[in-house]
Amino acid sequence: MAFVITSPCKDEKAGECIEVCPVDCIEEGEDMFHIDPEVCIECGACEAACPVEAIYMEDEVPEEESDYIQLNRKFFEAG
């Protein structure tokens, strides 16, 4: 299970998460960042660094943000 970036990142893209990720699993999309679940080591550095609190463990994503789990997966399937 990996971390997921949710709606507060959309059009924000602060980028602190990329700077602290030890395995470079965060990629920039058109309007937000995404975390590659195949590369994420679940260290939590990105979650702590996010200034807009957009990052959650997949099983802790708020229900109203659950669409972002699939959105994240599709980003890496398409790539």
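Structural data are supplied above this passage.
Because the structure is predicted, anything quoted here is derived from the model rather than measured.

### Points about the overall build of the protein
No. 1: Looking only at helices and strands, the protein has three helices and four strands in total.
No. 2: When its helices and strands are written in sequence order, the protein yields β-α-β-β-α-β-α.
No. 3: Here the C-alpha atoms of the protein give a radius of gyration of 11 Å, agreeing with the 12 Å that 2.2 N^0.38 yields for 79 residues.
No. 4: In terms of overall dimensions, the protein has a C-alpha envelope of 25 × 25 × 25 Å along the principal axes.
No. 5: Burial analysis of the protein (79 residues in total) assigns 39% to the buried set.
No. 6: In the protein, the share of contacts with a sequence separation of at least 24, taken over all contacts with a separation of at least 6, comes to 64%.
No. 7: Taken as a whole, the protein presents about 4,700 Å² of accessible surface, with 43% of it coming from carbon and sulfur.
No. 8: Charge-centre separation for the protein: the mean point of 4 positive side chains lies 8 Å from the mean point of 22 negative side chains.

### Observations regarding the packing of aromatic side chains
No. 1: In total, this model carries one aromatic pair according to the counting rule given.
No. 2: A centroid spacing of 5.0 Å and a plane angle of 85 degrees characterise the contact between Phe75 and Phe76, whose relative ring orientation is edge-to-face.
No. 3: On the accessibility criterion, Phe76 (19% relative accessible area) is buried.

### A few points about the nonpolar core
A general tendency of soluble globular proteins is for nonpolar side chains to be buried together.
No. 1: In terms of nonpolar packing, the biggest core is built from 21 residues, with Phe3, Ile5, Ile26, Ile35, Cys46 and Ile55 touching the most fellow members.
No. 2: When residues of this core are traced back to their parent elements, those giving at least two are strand E1 (3–5), strand E3 (33–35), strand E4 (55–57) and helix H3 (67–78).
No. 3: In terms of residues, this core owes the most to one element, E1, which gives three residues.
No. 4: If near-sequence neighbours (up to four positions away) are discounted, Ile55 is found in contact with Phe3, Val4, Ile5, Cys17, Ile35, Cys46, Glu47 and Cys50.

### A word on the environment of Glu53
No. 1: Relative to the elements of secondary structure, Glu53 occurs in the loop between helix H2 (45–49) and E4.
No. 2: Given the relative accessible area of 63%, Glu53 is considered exposed.
No. 3: Taking C-alpha positions, Glu53 is 17 Å from Asp67, a pair spaced 14 residues apart along the chain.

Rules and cut-offs
- Residues numbered from 1 in each chain as written.
- Predicted model: local features only at pLDDT ≥ 70, side-chain atom pairs only at ≥ 80, totals over all residues.
- Heavy atoms only, no water.
- Helix = DSSP H or I, 4+ residues; strand = E, 2+ residues; numbered from the N terminus.
- Rg over C-alpha atoms; globule rule 2.2 N^0.38 Å.
- Buried < 20%, exposed > 50% of the residue type's maximum accessible area, 1.4 Å probe, protein only.
- Contact = heavy atoms within 4.5 Å.
- Areas by Shrake-Rupley, 256 points an atom, 1.4 Å probe, with all protein chains shown as cover.
- Lys, Arg positive; Asp, Glu negative; His and termini not counted.
- Charge placed at Lys NZ, Arg CZ, Asp CG, Glu CD.
- Phe/Tyr/Trp six-rings, centres within 6.5 Å; stacked < 30°, edge-to-face > 60°.
- Core = buried A, V, L, I, M, F, W, Y, C linked by side-chain atoms within 4.5 Å.

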